[in-house]
Amino acid sequence: MKKFGNTANKIKAILRVIQENEGASGREIVRKLAEEGYRVKEGNINMFIYYNMLYKYVTKKKVDGINRYFVLQ
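As the structure is a prediction and not an experimental result, all values here were calculated from the model. (Residues numbered from 1 in each chain as written. Predicted model: local features only at pLDDT ≥ 70, side-chain atom pairs only at ≥ 80, totals over all residues. Heavy atoms only, no water.)

A. Spotlight on the pattern of salt bridges. Counted according to the given criterion, the structure contains four salt bridges. Two residues, Arg-27 and Glu-42, come together in a salt bridge whose shortest N-O distance is 3.5 Å. Separated by 15 residues along the polypeptide, Arg-27 in helix α2 (residues 26-35) and Glu-42 in helix α3 (residues 42-53) bring together distant segments of the chain. On the basis of relative accessibility, which here comes to 61%, the residue Arg-27 falls in the exposed class. Residue classification places Glu-42 among the partly exposed positions, given a relative accessible area of 31%. When the shortest N-O distance is used, the salt bridge between Glu-28 and Arg-68 registers 3.4 Å. Remark: Arg-68 occurs in strand β2 (residues 66-71) and Glu-28 occurs in helix α2; sequence separation between them is 40 residues. Glu-28 gets classed as partly exposed once you look at its relative accessible area, which sits at 25%. (Salt bridge = Lys/Arg side-chain N within 4 Å of Asp/Glu carboxyl O. Helix = DSSP H or I, 4+ residues; strand = E, 2+ residues; numbered from the N terminus. Buried < 20%, exposed > 50% of the residue type's maximum accessible area, 1.4 Å probe, protein only.)

B. Local environment of the packing of helix α1 (residues 7-17) against α3. Axis separation between α1 and α3 bottoms out at 11 Å; the angle between their running directions is 110°. Viewed along their axes, α1 and α3 adopt a mutual orientation that is roughly perpendicular. Contact with α1, carried on its side by Thr-7, Lys-10, Ile-11, Ile-14 and Leu-15, involves Ile-45, Phe-48, Ile-49 and Met-53 of α3 and no other residues of that element. Class assignment for the residues of the contact of α1 with α3 results in seven nonpolar, one polar and one charged. (Axes fitted to C-alpha atoms, helices over the stretch in contact; angles between N-to-C directions. Parallel < 35°, antiparallel > 145°, perpendicular 65-115°, else oblique. Contact = heavy atoms within 4.5 Å. Nonpolar A, V, L, I, M, F, W, Y, C, P; charged D, E, K, R; others polar.)

C. Quick peek at the nonpolar core. Grouped together as the largest cluster of nonpolar side chains are 19 residues, with contacts concentrated most on Ile-14, Ile-18, Ile-29, Leu-33, Ile-45 and Ile-49. Those elements that provide at least two residues to this core are α1, α2, α3 and β2. Among residues more than four places away in sequence, those in contact with Leu-33 are Phe-4, Ala-13, Ile-14, Val-17, Tyr-38, Val-40 and Ile-45. (Core = buried A, V, L, I, M, F, W, Y, C linked by side-chain atoms within 4.5 Å.)

D. Geometry of the pairing of β2. Sheet topology note: the strand β1 (residues 58-63)/β2 ladder contains six bridges and is antiparallel. Note on β2: the bridge partner recorded for Lys-60 is Tyr-69. What sits between the antiparallel neighbours β1 and β2 is a turn of two residues, in which Asp-64 has the positive phi angle 55°. (Pairing = 2+ DSSP bridges.)

Remember that the coordinates give geometry; whether it matters functionally is a separate question.
Structure (structure tokens):
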């Protein structure tokens with residue numbers, strides 16, 4: 001199992017698993033990262049996106065009460 005190294009690696013890994021026109025919830029992001037071999041928790045990913053990536057790399061929309069993250073163009 002791989003651990004996230006630093007902020008730049010985390011950002012690249014998260015952007016790699018989110019599709020261009022398709023949003024992903026925190027749970028989906030964690031599942032895709034786990035398939036790549038990373039050991040992550042959903043709460044940690046959500047907080048990292050909120051504090052380091054929101055409105056700079058991704059935007060969020062509430063769909064059925066769940067935050068979905070979309071890559072900024």
